[in-house]
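# Commentary on secondary and tertiary structure
Now for the letters of each chain:
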Amino acid sequence: MTVTLHVCITCRAGQTLGEGEVAPGKRLHGAILDAGVPDGVIVVPVECLSACSQGCSVALSAPGRWSYVYGRLSEAHACDVIAGAAAYAGAPDGIVPWRSRPEIFRKQSLARIPPIAALPEPAE
């Protein structure tokens, strides 16, 4: 199954950006792509994950799985984000055993969201 790694490319990590400066979130996105995305993971840039006070943020999601939002990240964390995404892709329910998670995924989790149940189709 393919999982989605959402990367907030507008995150400024509390910085005021000058003319032409690249947002830290966009740099994180680039570093993740440069590090190489594992099979089963697609990276999707997004404009806001509403974790603005928590620095750069990413989210992992897949149908029928728990979703996670992680914050306080920088481009230096790209390889750990990739390792965490690969572990998430390998977990059938999205729950990676705590000790198997990269340290940033153990300590910098902002939210854990339960799987969204499919709603029944309305009767005609």
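Residues numbered from 1 in each chain as written. Predicted model: local features only at pLDDT ≥ 70, side-chain atom pairs only at ≥ 80, totals over all residues. Heavy atoms only, no water.

The name given to the protein chain in an unreviewed UniProt entry is DUF1636 domain-containing protein, and the organism recorded there is Bradyrhizobium hipponense.

## Looking at helix α1 (residues 24–35)
Taking 1.5 Å of rise per residue, the twelve residues of α1 would be expected to cover 16 Å, and the 16 Å separating its terminal C-alpha atoms lies within 8% of that figure. For α1, the set of buried residues is P24, G25, L28, H29, A31 and I32. Each buried residue of α1 lies within a common arc of 165° when the element is viewed along its axis, so the set occupies one face. Immediately downstream of α1, the backbone of G36 shows phi near 95°, a positive value. (Helix = DSSP H or I, 4+ residues; strand = E, 2+ residues; numbered from the N terminus. Expected span 1.5 Å × (residues − 1). Buried < 20%, exposed > 50% of the residue type's maximum accessible area, 1.4 Å probe, protein only. Arc of directions from axis to C-beta.)

## Re the nonpolar core
Membership of the largest hydrophobic core comes to 28 residues, with the highest contact counts inside it found for L5, I32, V58, L73 and V81. Elements with a contribution of two residues or more to this core: β1 (3–8), α1, β2 (41–46), β3 (56–61), β4 (67–73), α2 (78–90) and α3 (103–107). Considering every element that reaches this core, the biggest residue donor is α2, with six residues. Apart from residues lying up to four places away in sequence, V81 is in contact with L5, I32, V58, L73, I104 and F105. (Core = buried A, V, L, I, M, F, W, Y, C linked by side-chain atoms within 4.5 Å. Contact = heavy atoms within 4.5 Å.)

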